[in-house]
Amino acid sequence: METCKEVPTPGSKEINLDNHIEDDNCDQHTYQEALGMLMFLAVNTRPDIAYITSKLSQYSRQPKQMHWAAIKRVMRYLRGTIDLGVKFEREKTGILKSYTDASWSTTHDGKSYGGYVLKLGEATIDWKSSKQPLVALSTMEAEMIAACESCCQIKWIINLLRELEEWNFMEKPTAIYTDSQSLINWISSPKQSSRCRHINRKYHFLRDCYESRDICLLYKPSQNLEADIFTKDLSRDQMNKHLENLSIVGINTKMVRDTKQAIMSIPALPHVNINEIDLDKLRETVNNLIEKCADAFRMLTVAYGEATLDRSNVYRWYKMFSKGREDVND
């Protein structure tokens, strides 16, 4: 696959993976091995392949040739986007929020696909794409199941932030964005419709969190909803738009490699007796250290778009040594 032809999207909207009855079988062990590698990427650093990986995992017991071809398509997509990764930026006012979406009755057994993504400020920190466990009788019900799963994850992350005493990242109520206006109307209305009486009781947990002001539901159009990428195959333009909203950006791997080499070349300060310091030699050592650090900072700036450390701190450190032995002893 190293010399394969690249494709712009991980999945194809024209191919229905459920139409495999007359297709030939493929090697199950090879299929599961390749799928496991894709799942590792989908869970850790590549949310853009989460949906197609979850979809392909449904056929791991009896994979067909069309499913193996879909696996290879994902690899071709990864080959063309090998530099993509989740970007984290330092923000003091990043607020926890969630985006949820569902595609109603898109599988052969009538079940829906749901997904959510949690963001801390502009950084994507958690996501999920999965087939829903029961058959939803309406779009609103499918959206409610997806929002309920997102709400449970929000609860867990808020408890974690409280333990870490990171109060700046929390805002009550936590916003959950959805493209279902019917769900927003249902959760905000105390009336019970006859069309909703059959809904599993555990999904009313969402309304309980809403009434206790732990969460609030806000509307966002489907074309701008970040979670849309976790529920269906998208076109290239839609995919690129959501990748940008999820802060999934390209990183120049060559610059990253050069940065690592530059950092490894920075010498450590020698261990010396404080009463036997040669200030001229120490200034020369620190000067060389500053120059090497500056080279590494410049490479980081090119590779990631911004410096990860403040260069002025290094010069402040140098000035401290330039004042004389008394300040060094202090």
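Refer to the preceding data block for the structure.
Residues numbered from 1 in each chain as written. Predicted model: local features only at pLDDT ≥ 70, side-chain atom pairs only at ≥ 80, totals over all residues. Heavy atoms only, no water.

Q: Mind showing me how you'd approach the environment of Val74 here?
A: With respect to the element layout, Val74 can be found in helix 3 (residues 65-80). A residue is classified by how much of its surface remains accessible, and Val74, at 0% relative accessible area, is buried. Separated by 65 residues in the primary sequence, Val74 and Thr9 have C-alpha atoms spaced 7.9 Å apart. In contact with Val74, other than residues within four places in its own chain, are Pro10, Leu38, Ile49, Ile52 and Leu56. (Helix = DSSP H or I, 4+ residues; strand = E, 2+ residues; numbered from the N terminus. Buried < 20%, exposed > 50% of the residue type's maximum accessible area, 1.4 Å probe, protein only. Contact = heavy atoms within 4.5 Å.)

Q: I'm lost on empty space enclosed by the protein in this one. Help?
A: In this approach, a probe sized like a water molecule rolls over the atoms, and the result shows the empty space that is left. One pass over the structure, following the stated rule, counts one cavity of 30 Å³ or more. If you add up the space inside the largest cavity, you get close to 50 Å³. (1 Å grid on protein atoms, 1.4 Å probe; cavity = no way out; pocket = protein on both sides within 12 Å on 5 of 7 lines; lining within 4 Å. Points joined across faces, edges and corners; volume = space filled by probe spheres on them.)

Q: Looking at this structure, I do not really get the pattern of salt bridges. What am I missing?
A: Once the charged atoms of two side chains with opposite charge are near each other, the side chains can pair. Following the criterion strictly, the structure yields 10 salt bridges and no others. The partner of Lys155 in a salt bridge is Asp214, and the shortest N-O contact between them spans 2.8 Å. In this pair, Lys155 sits in helix 4 (residues 139-163) while Asp214 sits in the loop between helix 6 (205-211) and strand 6 (215-219), placing the two residues 59 residues apart along the sequence. Its relative accessible area of 32% is what places Lys155 among the partly exposed residues. Linking Glu226 and Lys220 is a salt bridge whose minimum nitrogen-to-oxygen distance equals 3.1 Å. With a relative accessible area of 19%, Lys220 lands in the buried category. Connected through shared salt-bridge partners, Lys119, Glu122, Lys220 and Glu226 make up one network. (Salt bridge = Lys/Arg side-chain N within 4 Å of Asp/Glu carboxyl O.)

Q: It is not clear to me how the sheet that holds strand 4 (residues 123-131) should be interpreted in this structure. Could you clarify?
A: Think of a sheet as strands paired side by side through backbone hydrogen bonds, with each pair either parallel or antiparallel. Taken together, five strands build an open sheet; the order of strands is 4-3-2-5-6 and the sheet is mixed. Looking at the sheet topology across the chains shown, the edges are occupied by strand 4 and strand 6. In this sheet, neighbouring strand axes are inclined to one another by 20 degrees on average, regardless of whether the strands run parallel or antiparallel. Together, strand 2 (96-103), strand 3 (113-120), strand 4, strand 5 (174-178) and strand 6 form the strand contacts of helix 4, whose direction differs from that of strand 2 by roughly 155 degrees. Of the strands in this sheet, strand 5 and strand 6 touch helix 5 (residues 181-188), which is tilted by about 145 degrees from strand 6. (Pairing = 2+ DSSP bridges. Axes fitted to C-alpha atoms, helices over the stretch in contact; angles between N-to-C directions.)

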